[in-house]
Structure formats: C-alpha cells, structure tokens
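# Survey of secondary and tertiary structure
Each chain, written out:
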Amino acid sequence: MGEEVLSEIDKVTKSIENTKIRPNDDIFVICYDAIEEVLDDLKEQVRKEVESADFDIENFKKEIPALVLSIEHFITPNEIIDIYERTNKPANLISILNAGWIFYLTRKEKLFENLKDNTLEGKLTIISKLNDMILKAIELSQAHEMWLQYIDFGDENSD
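Before going into details, it helps to say that this report is about the structure given with it. All chains use their own residue numbering, which begins from 1 and follows the written sequence. Under the rules for a predicted model, residues below a pLDDT of 70 receive no local features and side-chain atom pairs below 80 are neither given nor counted, while totals for whole chains, interfaces and linings still include all residues. Excluding hydrogens and water, the side-chain figures rest on all heavy atoms present in the structure.

What follows is about the pairing of strand E1 (residues 79-82). Looking at chain direction, E1 and strand E2 (residues 87-90) are connected through four bridges and run antiparallel. Directly across from Ile80, in E2, lies its bridge partner Lys89. Taking the residues between adjacent antiparallel strands as the criterion, E1 and E2 are bridged by four residues, where Arg86 takes a positive phi near 60 degrees. When DSSP finds at least two bridges between two strands, those strands are taken to pair. Numbering of helices and strands starts at the N terminus; helices are DSSP runs of H or I of at least 4 residues and strands are runs of E of at least 2.

Right, dumping it as structure tokens:
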C-alpha cells in the first residue's frame with residue numbers, strides 16, 4: 001500500500017503544479033475566488049482538529065489498512081474491529097480521513113471498474129457517494145464515541 005500511496009502523491013503533486021495556472025472560464029474564476037476567500041479559515045480549522053488528535057505511525061499501521069478494506073467492501077469505515085479480541089472501537093477522525101484519502105488515491109479506479117462505470121458522470125456520482133460514505137463514517141464514529149462516554153458516565157453514577 002505504501003508504494004501505491006507514494007506514487008499517487010507524486011501524481012497529485014504534478015497535477016497541482018499543472019492546475020496553478022488558472023483557466024479563463026468565468027465559472028472557474030468564480031470558484032477559485034470563492035475557495036481562496038475561505039482557504040485560510042479552512043486550513044486553520046483543519047490544523048486545530050489535527051493537533052487535538054493523537055496520531056502516529058503505529059496507529060496508522062493498525063487502523064488505516066482495515067478501514068481502507070472496509071471502504072473497498074462498501075462498508076462505512078467508522079469503527080476498528082478486532083475479531084480476535086472480539087472488540088470494537090470508534091475510528092478517529094484522522095484515521096477515517098486518511099483511509100478515505102488513501103482509498104481515493106489508490107483504489108478509486110478499481111472501484112470504477114468494479115461498478116462498470118467509466119463515464120465522467122458515473123465517476124462523479126461514484127466519488128460523490130464515496131465522499132458521502134466518509135462523512136457518514138465520521139458522523140457514526142462521533143455518535144459511537146458519545147455513546148461510549150454516556151455508558152461510562154452512567155456506570156459512574158450507578159455506585
């Protein structure tokens with residue numbers, strides 16, 4: 001998986017260099033301007049969220065491959081399941097986003113093939129559904145976390 005990710009990152013980097021030249025179409029100019037207006041705020045919000053997460057390479061190795069596999073099988077990647085220990089825990093936001101991004105970089109073409117849709121409209125629909133799945137995973141993971149906190153709080157009050 002690592003070599004695939006590095007290869008795709010290289011492709012994305014080259015693609016970004018090519019897109020720095022703005023197209024002249026009015027709609028693209030409007031979109032670029034709108035994005036640039038909020039880009040600094042978005043970057044700051046992402047930095048704040050990422051700083052609050054304890055995420056290291058060990059977590060990456062433990063969580064990301066399993067979450068990518070879930071996405072491959074059309075399963076929302078909202079929890080980490082340990083079948084040997086018979087436990088599960090909510091996936092954290094950073095793991096979900098990393099898994100989604102890695103899937104997008106390395107597996108999306110295979111997804112288009114499997115769903116037998118290589119039209120532009122079909123690909124855009126599939127990517128939209130993939131984005132919806134990632135957003136749903138974040139929502140479900142947060143709900144799972146809140147439920148666990150509620151259960152723990154309830155146990156403390158039962159004494």
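A few words now on a nonpolar patch on the surface. Any residue with relative accessible area above 30% and no salt bridge may belong to a patch, with like charges joined within 9 Å and the nonpolar Val, Leu, Ile, Met, Phe, Trp and Tyr side chains within 5 Å. Areas reported as accessible are Shrake-Rupley estimates using a 1.4 Å probe. Residue values count occlusion only from the protein chains shown. Each reported salt bridge corresponds to a side-chain nitrogen of Lys or Arg within 4 Å of a carboxyl oxygen of Asp or Glu. Taken together, the side chains of Ile35, Val38, Leu39 and Leu42 present a nonpolar region at the surface, about 310 Å² in accessible area. Secondary-structure assignment places Leu39 in helix H2 (residues 26-51). Note on exposure labels: buried denotes an accessible area under 20% of the residue type's maximum, exposed denotes more than 50%, and partly exposed covers the range between, all computed with a 1.4 Å probe on protein chains only. The class of Leu39 is partly exposed, set by a relative accessible area of 31%.

Moving on, we come to the side chain of Asn78. Among the structural elements, Asn78 can be located in the loop between helix H3 (57-72) and E1. The buried category is assigned to Asn78, whose relative accessible area is 13%. In what follows, residue pairs with any heavy atoms lying within 4.5 Å of each other are defined as contacts. Asn78 has contacts with Pro90, Ala91, Ile96, Ala137, Leu140 and Ser141, leaving out every residue within four places of it along the chain.

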